[in-house]
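Structural overview for review
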Amino acid sequence: MNVFERYLTLWVALAMLGGILIGAALPALVSLVAAAEVARVNLVVAVLIWAMVYPMMVGVDPAALKSAVKQPKGLAITLVVNWLIKPFSMALLAVLFFEHVFAPWIAPEDATQYTAGLILLGAAPCTAMVFVWSQLTKGDENYTLLQVSVNDVVMVFAFAPIVAFLLGVTDIEVPWETLLLSVLLFVLLPLVAGVLTRKRLATAERIAGFQSRVKPWSVIGLIATVAILFALQGSTILDRPQVIALIAVPIILQSYGIFALAYAAAFALKVPHRIAAPCALIGTSNFFELAVAVAISLFGLNSGAALATVVGVLVEVPVMLSLVSFANRTRERFGSV
């Protein structure tokens, strides 16, 4: 384990602090980065996420995908958790906290907005970052790609109906350009680059050597992404810290609860750890680009719904790192497979 991975939590914490300081000290620079968007996907962040995903895609062997399909348990768990449980548990927690537990401190109209934002998060399982979490838990590259790909297909058909049902509205306009561009940038292009790289390297030894050389850049990309995200949202964090903390509570409970459910199911069904870890992490992580974009298009840039999705972005990395650590510590309990 290299120095970046060994002290990853420390680097991420420093990146969060540095991002907030940069956001406060250099607002013009942050505005310039924020303006670099296409279909509400920030291009700077997109490049960094691409750098994170590419090293793992080099490990994807297209010929092995057929054998991955023959292990349906992990795929079944992630589909059930992501689409039959997660959106509804997130909505339940949002209503519980914003309309009851935190009611004395939150205006009813704000509570409705925050609930809407969390529903959008709950209905959008992760697409890009899960490749990073899978890599950090030594997940099966081929199976992770299969899981993400199937979830993306389901998301195209299920996201809008689930969100419409939970929000009680029928006029939701899904920003398809955001969804499709994100899948193109974070899944398809890195996959093509990885396959071409494998073909050029030719042998297993050269592929392994190349992966070991580029793997640190994946972690560096993660740290830089965290710094940028916190720089973009630094003013919000400093201006409304109490609200940020309240919104974070149900998100954190949801994240740990969903992971525990999926991970326990994988353990009970004797799913190998290299499949079980990514399987549980996909539902825990969120497709924040899509959630933020829909929140802005439905409720506005300065809405409570948009703020709630942004808090999801801020909470995700520290929570996911703690779950990655837990998954690595419990690897032996899944046996040697």
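We now turn to the structure provided with this report. This is a predicted model, so every value here is computed, not measured. (Residues numbered from 1 in each chain as written. Predicted model: local features only at pLDDT ≥ 70, side-chain atom pairs only at ≥ 80, totals over all residues. Heavy atoms only, no water.)

What about the overall build of the chain?
Each helix and strand counted, the chain has 16 helices and 2 strands in total. A total accessible area of about 14,800 Å² is found for the chain, and carbon and sulfur atoms account for 70% of it. (Helix = DSSP H or I, 4+ residues; strand = E, 2+ residues; numbered from the N terminus. Areas by Shrake-Rupley, 256 points an atom, 1.4 Å probe, with all protein chains shown as cover.)

Quick word on the environment of Val44
Inspection of the secondary structure assignment puts Val44 in helix H4 (residues 43-58). Linking Val44 and Val33, residues 11 residues apart in sequence, is a C-alpha distance of 6.9 Å.

Quick look at the packing of aromatic side chains
On inspection of all chains with the given rule, the structure shows 10 aromatic pairs. Pairing Tyr54 with Phe210 gives two aromatic rings, centres 6.3 Å apart and planes at 80 degrees, and the pair type is edge-to-face. With Tyr54 in helix H4 and Phe210 in helix H11 (residues 204-232), the pair connects residues that are 156 residues apart, well separated along the chain. Classification of Phe210 as buried rests on a relative accessible area of 18%. Following the ring pairs from residue to residue traces out a cluster consisting of Phe259, Tyr263, Phe267, Phe326 and Phe334. (Phe/Tyr/Trp six-rings, centres within 6.5 Å; stacked < 30°, edge-to-face > 60°. Buried < 20%, exposed > 50% of the residue type's maximum accessible area, 1.4 Å probe, protein only.)

A word on empty space enclosed by the protein
Scanning the entire structure with this criterion turns up 4 cavities of 30 Å³ or more. Looking at the largest cavity, the residues that line it are Lys86, Met90, Leu121, Gly122, Ile251, Gln254, Ser255, Ile258, Gly283, Thr284 and Asn286. Breaking the lining of the largest cavity down by element, the ones donating at least two residues are helix H6 (72-101), helix H7 (108-122), helix H13 (241-268) and helix H14 (273-284). In terms of residue count, H13 provides more of the lining of the largest cavity than any other element does, 4 residues in total. Across the lining of the largest cavity, the residue classes tally to 4 nonpolar, 6 polar and 1 charged. (1 Å grid on protein atoms, 1.4 Å probe; cavity = no way out; pocket = protein on both sides within 12 Å on 5 of 7 lines; lining within 4 Å. Points joined across faces, edges and corners; volume = space filled by probe spheres on them. Nonpolar A, V, L, I, M, F, W, Y, C, P; charged D, E, K, R; others polar.)

Things to note about the packing of H14 against helix H16 (residues 304-329)
In contact at an axis separation of 11 Å, H14 and H16 are set at 160 degrees when each is read in the N-to-C sense. The orientation of H14 with respect to H16, classified from their angle, is roughly antiparallel. Crossing hand, H14 versus H16: right-handed. Only Met320, Leu323, Val324 and Ala327 of H16 make contact with H14, whose side of the interface consists of His273, Ala277, Leu281 and Thr284. Among the residues making up the contact of H14 with H16, the classes are represented as 6 nonpolar, 2 polar and no charged. (Axes fitted to C-alpha atoms, helices over the stretch in contact; angles between N-to-C directions. Parallel < 35°, antiparallel > 145°, perpendicular 65-115°, else oblique. Left-handed = near helix turned anticlockwise from the far one by under 90°. Contact = heavy atoms within 4.5 Å.)

Quick word on the packing of H6 against H13
Running from amino to carboxyl end, H6 crosses H13 at an angle of 150 degrees, the nearest separation of the two axes being 10 Å. It follows from the interaxial angle that H6 and H13 lie roughly antiparallel. Between H6 and H13 lies a crossing whose hand is right-handed. The residues of H13 that touch H6, namely those facing Ile77, Val81, Ile85, Lys86, Ser89, Met90, Leu93, Phe97 and Phe98, are Leu246, Ile247, Val249, Pro250, Ile251, Leu253, Gln254, Ile258, Leu261, Ala262, Ala265 and Ala266. For the contact of H6 with H13, the class distribution of residues is 18 nonpolar, 2 polar and 1 charged.

Quick look at the nonpolar core
Burial of nonpolar side chains together is a common tendency in soluble globular proteins. Among the nonpolar cores identified, the biggest contains 103 residues, and Phe98, Leu118, Trp133, Phe159 and Ile247 are the most heavily contacted of them. A total of 16 residues in this core trace back to one element, the largest contributor, which is H16. Among the nonpolar cores identified, the runner-up in size contains 7 residues, and Val58, Ala193, Leu201 and Val214 belong to it. (Core = buried A, V, L, I, M, F, W, Y, C linked by side-chain atoms within 4.5 Å.)

Observations regarding the side chain of Thr284
Residue placement: Thr284 occurs in helix H14. Its relative accessible area of 3% is what places Thr284 among the buried residues. Once residues lying within four places of it in the same chain are set aside, the contact partners of Thr284 are Lys86, Ser255, Ile258, Phe259, Met320 and Leu323.

Some thoughts on the pattern of salt bridges
Scanning the entire structure with this criterion turns up 1 salt bridge. Across the pair Arg274 and Asp140 runs a salt bridge whose closest N-O atoms are separated by 3.4 Å. Separated by 134 residues along the polypeptide, Arg274 in helix H14 and Asp140 in the loop between helix H8 (129-136) and helix H9 (141-167) bring together distant segments of the chain. Classification of Asp140 by relative accessible area gives buried; the value is 17%. (Salt bridge = Lys/Arg side-chain N within 4 Å of Asp/Glu carboxyl O.)

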